[in-house]
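Summary of the model geometry
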Amino acid sequence: MNLTIRPAVRTDCPRLLELIKELAEYERALHEVEVTSSHFEESGFGDCPVWWAHVAEISGIIVGFALYYIHYSTWKGQRLYLEDIIVTREYRRKGIGKKLFEAVLDDAQKKNLNGVLWQVLEWNKPAIEFYNQYAPTFNQEWITCTIDKK
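One numbering rule holds for all chains: residues counted from 1, following each sequence as written. Since the coordinates come from a predicted model, pLDDT governs what is reported: local features require at least 70, and pairs of side-chain atoms require 80 or more to be given and counted, while whole-chain, interface and lining totals use all residues. Side-chain metrics rest on all non-hydrogen atoms present in the structure, leaving aside hydrogens and water.

**Things to note about the overall build of the protein chain**
Helical segments are the DSSP runs of H or I of at least four residues, strand segments are the runs of E of at least two, and each set is numbered from the N terminus. Secondary structure summary: the protein chain contains 4 helices and 5 strands in total. The N-to-C order of helical and strand elements in the protein chain reads β-α-α-β-β-β-α-β-α. The dimensions of the protein chain, computed from C-alpha atoms along their principal axes, are 40 × 35 × 35 Å. Exposed residues in this analysis have more than 50% of their type's maximum accessible area, buried residues have under 20%, and partly exposed residues fall in between, with area computed by a 1.4 Å probe over protein chains only. Of all 150 residues assigned to the protein chain, the portion counted as buried reaches 37%. Should any heavy atoms of two residues lie within 4.5 Å, those residues are counted as being in contact. Residue pairs in contact within the protein chain that sit at least 24 positions apart in sequence constitute 58% of those at least 6 positions apart. In short, Shrake-Rupley with a 1.4 Å probe defines the accessible areas, and a residue's cover is counted only from the protein chains shown. As presented, the protein chain carries roughly 10,200 Å² of accessible surface, and 50% of it is formed by carbon and sulfur atoms.

This is the structure:
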């Protein structure tokens, strides 16, 4: 397997959106994907990008990605927030997710950020098992709240 982990570029956006929909389907929430391709692309590669990503590529085909942004905590300072990490179904359990996750951890260290945070669905046992390799703190105390534009 000739795997390359590299920073995402603008032309990767259509494939990243395909993978986002695959992840949403896995998480039983495909109906919640509302982002348009132009908004997604502008948000990552416009004049003021708000997200960055690494892609996993095999023979020129993107098989996974990890997308993150900078989060600010009044208690902890700047931290990297891992929004999504996905490896397409047929390439899972081959160490690709680990390489993507470690690229994100490396970015946090290079940027001298004060930590990395993310969310994982409580029923997603494979993801929880994966993250347990890194001895994270699972916070059961906080509840995620959102308000949508609508």
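**Quick word on the packing of aromatic side chains**
Stacked, edge-to-face and tilted are the three classes for Phe, Tyr and Trp ring pairs, Trp counted by its six-membered ring, which pair at centre distances within 6.5 Å; planes under 30 degrees apart are stacked, over 60 edge-to-face, the rest tilted. Inspection of every chain in the model, using the stated rule, returns 12 aromatic pairs. Relative to tyrosine 131, the ring of phenylalanine 101 lies with its centre 5.4 Å away and its plane at 55°, an arrangement referred to as tilted. Separated by 30 residues along the polypeptide, phenylalanine 101 in helix H3 (residues 96-110) and tyrosine 131 in helix H4 (residues 125-132) bring together distant segments of the chain. On the basis of relative accessibility, which here comes to 0%, the residue phenylalanine 101 falls in the buried class. Three or more aromatic residues link up through ring pairs in this structure, and these residues are Phe101, Trp118, Phe130, Tyr131 and Tyr134.

**A word on the pattern of salt bridges**
The salt bridge criterion pairs a side-chain nitrogen of Lys or Arg with a carboxyl oxygen of Asp or Glu, the two atoms within 4 Å. A complete count under the given rule lists 7 salt bridges for this structure. One salt bridge connects arginine 6 with glutamate 57, and the closest N-O pair in it is separated by 3.0 Å. With arginine 6 in strand S1 (residues 3-7) and glutamate 57 in strand S2 (residues 52-58), the pair connects residues that are 51 residues apart, well separated along the chain. Comparing arginine 6 with glutamate 57, the two get one shared label, buried. For lysine 110, the salt bridge is made with aspartate 106, and the minimal N-O distance between the two is 3.0 Å. Of this pair, lysine 110 and aspartate 106 are both found in helix H3, 4 residues apart, which corresponds to roughly one turn of the helix. For lysine 110, a relative accessible area of 64% translates into the label exposed. Aspartate 106 sits in the partly exposed class, given a relative accessible area of 31%. When salt bridges with common partners are traced through the structure, they connect Arg6, Asp12 and Glu57 into a single cluster.

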